[in-house]
Amino acid sequence: MTDTKPIHRIAIIGTGVIGASWSALFLAKGLEVTATDVAPNAEAALRRFIDEAWPALKRLGLAPGASPSKLKFTAALADAVKGADLVQENGPERIDFKKKLYGQLDELLPADVILASSSSGLTLCDRTSF
């Protein structure tokens, strides 16, 4: 017997190219996505990205129930992560930003929520920095 919990709802933090790509992929897999980004026009840019990517995702094969209509957007981090099974973080590659964000997420998320990061340019070996 395992204690695995199914993943149905994804929170996307940061909707630049990487976050938008994750959003499109999760939607294509039939999952519910709530995205957040404080950048001006972030929602419009994300929806445009998904609309443009959707034909290619269709050609690759969509999961049952896949739909861009399963995308929600909010400017509030707490609203975006509420009820999420998985949080995909795609924020700026700045250690000060990551420290603040992870502190907020630690307060907002239950212990069983998966937190994934697209960080690639930061050295995270010094765990005392978090």
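Here the structure is shown first, and the text comes after it.
Computed from a predicted model, the values in this text were never measured in an experiment.

Attention now goes to helix H1 (residues 17-28). With twelve residues, H1 should reach 16 Å at 1.5 Å per residue; the first-to-last C-alpha distance of 16 Å fits that figure. Of the positions making up H1, those classed as buried are Gly19, Ala20, Ser23, Ala24, Phe26, Leu27 and Ala28. Buried-residue contacts for H1 involve strand S1 (9-13), strand S2 (32-36), helix H2 (42-60), strand S3 (71-73) and strand S4 (86-89).

Turning to unusual backbone geometry, a few remarks are in order. Non-glycine residue Asn41 carries a positive phi angle of around 65°. If you trace the backbone, Asn41 turns up in the loop between S2 and H2.

Of all five residues making up S2, four are buried, and the element is well covered by its neighbours. Two elements, S1 and S2, share five bridges in a ladder whose sense is parallel. When the sheet's bridge partners are listed, Ile12 is paired in S2 with Ala35. The handedness of the S1 to S2 crossover, carried by H1, is right-handed. Of the strand pairs in this sheet, S2 and S3 are connected by three bridges, and their pairing is parallel. The partner of Thr34 across the bridge, within S3, is Lys72.

This part takes up the pattern of salt bridges. Applying the stated criterion across every chain yields a total of six salt bridges. As a salt-bridge pair, Lys98 and Glu89 come within 2.2 Å of each other at their nearest N and O atoms. A single network of salt bridges, built from pairs that share partners, joins Lys5, Asp85 and Asp112.

Here the focus is the environment of Ala39. Its location among the elements puts Ala39 in the loop between S2 and H2. On the accessibility criterion, Ala39 (37% relative accessible area) is partly exposed. Sequence separation of Ala39 and Gly19 is 20 residues, and the distance between their C-alpha atoms is 13 Å.

Parameters at a glance
- Residues numbered from 1 in each chain as written.
- Predicted model: local features only at pLDDT ≥ 70, side-chain atom pairs only at ≥ 80, totals over all residues.
- Heavy atoms only, no water.
- Helix = DSSP H or I, 4+ residues; strand = E, 2+ residues; numbered from the N terminus.
- Expected span 1.5 Å × (residues − 1).
- Buried < 20%, exposed > 50% of the residue type's maximum accessible area, 1.4 Å probe, protein only.
- Contact = heavy atoms within 4.5 Å.
- Pairing = 2+ DSSP bridges.
- Right-handed = clockwise from strand over helix to strand, strands pointing away.
- Salt bridge = Lys/Arg side-chain N within 4 Å of Asp/Glu carboxyl O.

Read these as spatial facts, not as claims about activity.
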